[in-house]
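# Reading the structure
Next come the chains, spelled out residue by residue.
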Amino acid sequence: MATETRKALKAHIAIHVQDVAKSIEFYRNLFGIEPSKVRTGYAKFDVANPPLNFTLNEGRARERGTLSHLGIQVASTEDVLVMRRQWQERELLTRDEMKTDCCYALQDKTWVRDPDGNEWEVFAVLEDNLPEKAAAQKSCRAPDCCTPAPP
């Protein structure tokens, strides 16, 4: 079985927090940088070292704890499709979300779930830093923006 290798840009971690403003202050100090994006109930830190796309999602923790989901950001939709094929070849069940407006960015992505219910995504950002929309216009489900739709 030939496997194509694609270089990942950075890891992605999204966590649930009770108060984004308080968490921004903590992570600003932890990472030593300002958030690259702040919206109502949402903040993103683009950490250079280690390479990390780290997001805060305001809302109560679910029974799974404070972790929202984990992800790998890649450079292109082609890279997403290569990873999806590899996951499928390894008998993982994938779910696609193409051209989805998520986390204030237009993205192509595919998801898998581990045995404990932890969600992993591989995604490419097609257009970033989109403006905040009224709740009725959002394609993601507040307060769970970027949480995958149930299978």
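Throughout what follows, the structure given in this document is the object of discussion. Here the structure is a predicted model, which is why all the values come from computation and not from measurement. (Residues numbered from 1 in each chain as written. Predicted model: local features only at pLDDT ≥ 70, side-chain atom pairs only at ≥ 80, totals over all residues. Heavy atoms only, no water.)

## Description of the sheet that holds strand S3 (residues 42-47)
Hydrogen bonds between backbone groups are what pair the strands of a sheet, and the pairing can be parallel or antiparallel. In space, the 8 strands of this open sheet follow the order S2-S3-S4-S1-S5-S8-S7-S6, with mixed pairing throughout. Strands at the two margins of the open sheet, each flanked by one partner only, are strand S2 (37-39) and strand S6 (95-102). Neighbouring strand axes in the sheet, compared pairwise and without regard to direction, differ in orientation by 20° on average. Of the strands in this sheet, S6, strand S7 (105-113) and strand S8 (119-127) are in contact with helix H2 (residues 77-89), which crosses S8 at around 160°. (Pairing = 2+ DSSP bridges. Helix = DSSP H or I, 4+ residues; strand = E, 2+ residues; numbered from the N terminus. Axes fitted to C-alpha atoms, helices over the stretch in contact; angles between N-to-C directions. Contact = heavy atoms within 4.5 Å.)

## Some words on unusual backbone geometry
Following Asn49, the chain continues into Pro50 via a peptide bond in cis, with omega recorded as 0°. On the secondary structure map, Pro50 appears in the loop between S3 and strand S4 (52-58). For Cys103, which is not glycine, the phi torsion reads 55° and is therefore positive. Locating Cys103 in the fold gives a position in the loop between S6 and S7. You will see that Asn129, though not glycine, has its phi angle at about 60°, which is positive. With respect to the helices, strands and loops of the structure, Asn129 is situated in the segment after S8.

Bear in mind that shape data such as this cannot, by itself, settle questions of function.
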